[in-house]
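Summary of the model geometry
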Protein chains: 2
Amino acid sequence: MTTVSDLGELGLLERLRPFCSKDIIGDDAAVLALPPGQQLVVTTDVLVDGVHFSDRTTAPFDVGWRATAANLSDLAAMGAEPLGLTVGLSLPGQTKVDWVEGLYQGMAACLERFGGEIFGGDLCRSNTITVAVTALGAVLPERVLYRHTARPGQAIVATGYHGLSRAGLEVLLQPEAWAQVPDTVQTAWIRAHRRPIPRFDVLPLLQAGLAAGLAPGQPTAAMDSSDGLANAVVQLCRASGVGARLEQSQLPLHPDLVCWAGAERAVDWALYGGEDFELVLCLAHDLAQRILAQLGEGAAVVGQVTADPSVQLCNSKDGSAILLNPGQEFQHFK
Amino acid sequence: MTTVSDLGELGLLERLRPFCSKDIIGDDAAVLALPPGQQLVVTTDVLVDGVHFSDRTTAPFDVGWRATAANLSDLAAMGAEPLGLTVGLSLPGQTKVDWVEGLYQGMAACLERFGGEIFGGDLCRSNTITVAVTALGAVLPERVLYRHTARPGQAIVATGYHGLSRAGLEVLLQPEAWAQVPDTVQTAWIRAHRRPIPRFDVLPLLQAGLAAGLAPGQPTAAMDSSDGLANAVVQLCRASGVGARLEQSQLPLHPDLVCWAGAERAVDWALYGGEDFELVLCLAHDLAQRILAQLGEGAAVVGQVTADPSVQLCNSKDGSAILLNPGQEFQHFK
């Protein structure tokens, strides 16, 4: 199998050229026009071999898809539509050219589905495969979704099931431990892990609801749940100077996850598993109900924004409540 | 000394926050407005520990400066002014927090001097320190400088001395071999390596010359010389479907470099050393002369664009000529 050393940098660039925007690459930098009146949205995510993916759990196509989807999800969380991305790729010389092409195929497939092009990037040698993606998007100024605009009394909506990506990773890492889970369920979990879906479909629903006057004078706050549902709620609350009451029975848990992983683990993975790439929204109740009716399965009102700054997970069945502080859960350097 | 593991991701983010744009960070992505009527310019460069820098030759401040300057230089080569950048930073847990702060100080100092802010980025764990920078700039559509617009008969201008960055690296790697070089010269070479200067100062000169009608109907082609002067000329020629005749006696060699490294090595480093981050321009002769008069020391007309597609280095003293094909010189994966 040909390696990137065999091919050299120029040869590899030649192979990757077909994946890139024909009109834009070939200069020191890419030049692009922003749609009139729109603001630029920019976000960067880095995926590292052995940390965010490995050959054991993720084919190169899926690494490309996930790197792209993770960035696009950040754009969706800002209310923006994708323009495209740049790729800073660091590779060991012994990396297979097939692996690199698979990576780009995955990125191209994700962009094909959600919009945007590859504007170029940089290619360099390293001991560790590192995929640094910067995505650019555009949004009308009045449609930007921030984190700091949540208000007491608003509903907190999760746009889909949580915990499935983590379940997929567990199945990939320890297949024997999950052998009793039906194939169709395993496949769905693995797909959730490998091919996350940035929720751009939520944006027109939100705009339509706002246009219908369902949240007069109330801005919607939003964040994606890439670091888990608990982290998203805590970050939204901190940025807005508010708190939240989540209701455990309302957490968006897939019935299969509860059935096969157990209720306790399902709650844990939903709150802290991460990489579900759903949106978490704080918005007026009427608007929330309208959007939920359109989003379908998995989307739910998971709780309510409170003036009290604590973030609690309440269990209405036994009247208990615990404080959520996900600080330790995403300390990636530990 | 505190390491990033000691501090954890959140603690480290807290330390880096003061370096970032206060108005822009804190969401899933940064939102920014482009100056009215301008186009967006975007470029990505990745620096890898052990490949592009090492503790032996480059303090963290200088890594930050160079990562920033390399990206800004690409913006300058497109005719654009900087808006700012995102940083995708991968770090081993044992990295010193001081090192990371030094890196950001270097980036901030470079942005302070040339314009732009840090819009945020991503922080993650890795075995290898990797600094992936994506820089954003803005330019009026009619002022974009491309590579593909060089025309036969145009002058080829290098905006400053070449080879000094490579000389600085050599001094850092083998101080004993260069012990006889005076301290002031060593210091200048090392500075060229550690603190390259993106040539934004060339842009207003170019605009003024164009406004004075010095190149009617003739677009200027441009590229930066990050991979060496030879590579820049070859790339410009390939993109434009033209060739070039460079004159060896006109190469922008600093007298100190010729004196202490020898004429042959000086030519080699100027052509292939790389990382000088000057601009290479193909433009009308009148415009070239006007700009040269303003650029001062080091800037030179190094040759002429030809219809013949070969790129030759001619020596008018002995009448010899060699073909330049820098293909092998930047095969980073070999």
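Residues numbered from 1 in each chain as written. Chains lettered and ligands numbered in written order. Predicted model: local features only at pLDDT ≥ 70, side-chain atom pairs only at ≥ 80, totals over all residues. Heavy atoms only, no water.

**Re the environment of Ala261 of chain B**
All names here are of chain B. Rule in force here: Secondary structure elements are taken from DSSP: a helix is a run of H or I of four residues or more, a strand is a run of E of two residues or more, and numbering for both begins at the N terminus. Here, residues are in contact when the closest pair of their heavy atoms is within 4.5 Å.
Within the secondary structure, Ala261 sits in helix 8 (residues 255–261). Between the C-alpha atom of Ala261 and that of Ala167, which follows or precedes it by 94 residues, the distance is 8.1 Å. Setting aside its immediate chain neighbours within four residues, Ala261 contacts Trp178, Asp256 and Trp269.

**Here we look at unusual backbone geometry**
Positive phi, normally seen in glycine, also occurs at Phe277 of chain A, with a value near 55°. Looking at the secondary structure, you find Phe277 of chain A in the loop between helix 9 (263–272) and strand 9 (279–283).

**Focus on the sheet that holds strand 6 (residues 155–158) of chain B**
Residue and element names in this part refer to chain B. Defined as follows: Any two strands with at least two DSSP-identified bridges between them are counted as paired. Lines are fitted to the C-alpha atoms to define the axes, a helix being fitted only along its stretch in contact, and any angle between axes, read from their N-to-C directions, falls within 0 to 180 degrees.
Taking strand neighbours across the sheet as the criterion, the 7 strands line up as 7-9-6-10-8-11-12 in an open arrangement whose pairing is mixed. Of all the strands in the sheet, just strand 7 (221–224) and strand 12 (320–323) have a single pairing partner and so form its edges. On average, each strand axis in the sheet is inclined to that of its neighbour by 25°, with strand direction left out of account. Alignment of strand 11 (residues 311–315) against strand 12, held across 4 bridges, turns out to be antiparallel. Looking across to strand 12, one finds that Cys314 is bridged to Ala321. Packed on one face of the sheet, helix 2 (residues 60–77) meets strand 7 and strand 9 (279–283) and runs near 175° to strand 7.

**A few points about the relation of the copies chain A and chain B**
The cut-off we apply is this: Here the copies are matched by least squares. The fit uses the C-alpha atoms of residues with pLDDT of at least 70 in both.
The two copies are related by a screw operation: chain A maps onto chain B through 180° of rotation and 0.0 Å of translation along the axis, at an RMSD of 0.0 Å. Classification of the inter-copy transformation places it as that of a two-fold axis. Interface overlap between copies is the fraction of interface residues in one copy that are interface residues in the other; for chain A against chain B it reaches 100%, indicating a shared surface.

**So, the interface of chain A and chain B**
Condition: The term buried area denotes the loss of accessible surface (1.4 Å probe radius) that occurs when two parts are joined, taken as the sum for both partners. Residues are sorted three ways: Asp, Glu, Lys and Arg are charged, Ala, Val, Leu, Ile, Met, Phe, Trp, Tyr, Cys and Pro are nonpolar, and all the rest, Gly among them, are polar.
Every contact between the two is made by 62 residues of chain A and, on the other side, 62 residues of chain B. Carbon and sulfur atoms supply 58% of the area that chain A and chain B bury against each other, a total of about 5,300 Å² over both sides. Among the elements of the structure, helix 1 (4–16), strand 1 (30–32), strand 2 (39–48), helix 2 (60–77), strand 3 (81–91), strand 4 (117–125), strand 5 (130–139) and strand 7 (221–224) of chain A are those that each provide at least two residues to the side of chain A that touches chain B. A total of 9 residues in the side of chain A that touches chain B trace back to one element, the largest contributor, which is strand 2 of chain A. Here the residues of the side of chain A that touches chain B are counted per class, giving 32 nonpolar, 19 polar and 11 charged. Note that strand 1 of chain A and strand 2 (residues 39–48) of chain B share 3 bridges and pair antiparallel.

**Focus: helix 1 (residues 4–16) of chain B**
Owing to its 3.6 residues per turn, the α-helix brings residues three or four apart onto one side. All names here are of chain B. Test applied: Here the expected length of a helix is defined as 1.5 Å per residue gap, with one fewer gap than residues. One fitted axis covers the seven residues ending at a residue, a second covers the seven starting there, and the bend at that residue is the angle between these axes. Only protein chains enter the calculation, and the probe is 1.4 Å; a residue is then buried if its accessible area is under 20% of its type maximum, exposed if over 50%, and partly exposed in between.
In a regular helix each residue adds 1.5 Å, so 13 residues correspond to 18 Å; helix 1 covers only 12 Å between its end C-alpha atoms and thus falls short of that length. Its maximal kink placed at Leu10, helix 1 deviates by approximately 75°. Among all positions in helix 1, only Val4, Gly8, Glu9, Leu12 and Leu16 are buried. Looking at the packing, one finds that the buried side of helix 1 touches strand 3 (81–91), helix 3 (97–114) and strand 4 (117–125).

**Focus: helix 6 (residues 202–211) of chain B**
All names here are of chain B. Here is the rule: Throughout, the arc means that of the directions going from the helix axis to the C-beta atoms.
Every buried residue of helix 6 is accounted for by Val202, Leu203, Leu205, Leu206 and Gly209. Projected onto a plane normal to the axis of helix 6, the buried residues spread over an arc of 165° and lie on a single side. Of the surrounding elements, those touching the buried residues of helix 6 are helix 2, strand 3, strand 9 and helix 10 (285–295). Of the residues flanking the end of helix 6, it is Gly213, one or two places downstream, whose phi is positive at about 80°.

**Re the domain arrangement of chain A**
All names here are of chain A. As a reminder of what qualifies: Note that domain bounds follow an automatic or database assignment of domains. For this document, the term salt bridge refers to a Lys or Arg side-chain nitrogen within 4 Å of an Asp or Glu carboxyl oxygen.
Annotation of chain A at the domain level lists domain 1 (8–143) and domain 2 (155–326). Centre-to-centre separation of domain 1 and domain 2, based on C-alpha positions: 26 Å. If you look at the interface, domain 1 gives 21 residues, while domain 2 gives 19 residues. Scanning the region where domain 1 abuts domain 2 turns up 3 salt bridges.

**A closer look at the pairing of strand 7 of chain A**
Residue and element names in this part refer to chain A. Every second residue of strand 7 is oriented toward a common face, with Ala221 and Met223 on one face and Ala222 and Asp224 on the other, all of them buried. Pairing of strand 7 with strand 9, which is carried by 4 bridges, proceeds in the antiparallel orientation. Residue pairing for strand 9: Ala221 is matched across the bridge by Cys282.

**Things to note about the packing of helix 2 of chain B against helix 3 of chain B**
Residue and element names in this part refer to chain B. Applied cut-off: Note on terminology: angles under 35 degrees are roughly parallel, angles over 145 are roughly antiparallel, angles of 65 to 115 are roughly perpendicular, and the others are oblique. Helix crossings fall into two classes, left-handed where the near helix is turned counterclockwise from the far one by less than a right angle and right-handed where it is turned clockwise.
At a minimum axis separation of 6 Å, helix 2 and helix 3 run at an interaxial angle of 40°. Between helix 2 and helix 3, the interaxial angle falls into the category oblique. Crossing handedness for the pair helix 2 and helix 3: right-handed. Touching Pro60, Phe61, Val63, Gly64, Trp65, Thr68, Ala69 and Leu72 of helix 2 are Trp99, Gly102, Leu103, Gln105, Gly106, Met107, Ala109, Cys110, Leu111, Arg113 and Phe114, all from helix 3. Taken together, the residues that form the contact of helix 2 with helix 3 break down as 13 nonpolar, 5 polar and 1 charged.

**Let's talk about the confidence of the model for chain A**
Residue and element names in this part refer to chain A. We count it as follows: pLDDT is a residue-level measure of predictor confidence that goes from 0 to 100.
Summary statistics for chain A give a mean pLDDT of 93 and a share of 97% for residues scoring 70 or more. The model gives residues 328–332 a pLDDT under 50, and that stretch makes 13 contacts with residues more than four places away or in other chains. Per the prediction output, this complex has pTM 0.93; the corresponding ipTM is 0.91.

**Re the pairing of strand 5 (residues 130–139) of chain B**
Residue and element names in this part refer to chain B. Most of strand 5 is tucked away: 10 of the 10 residues are buried. A two-sided burial pattern is seen for strand 5, the buried positions comprising Thr130, Ala132, Thr134, Leu136 and Ala138 on one face and Val131, Val133, Ala135, Gly137 and Val139 on the other. One ladder, built from 9 bridges, connects strand 3 with strand 5; its direction is antiparallel. Residue pairing for strand 5: Glu81 is matched across the bridge by Ala138.

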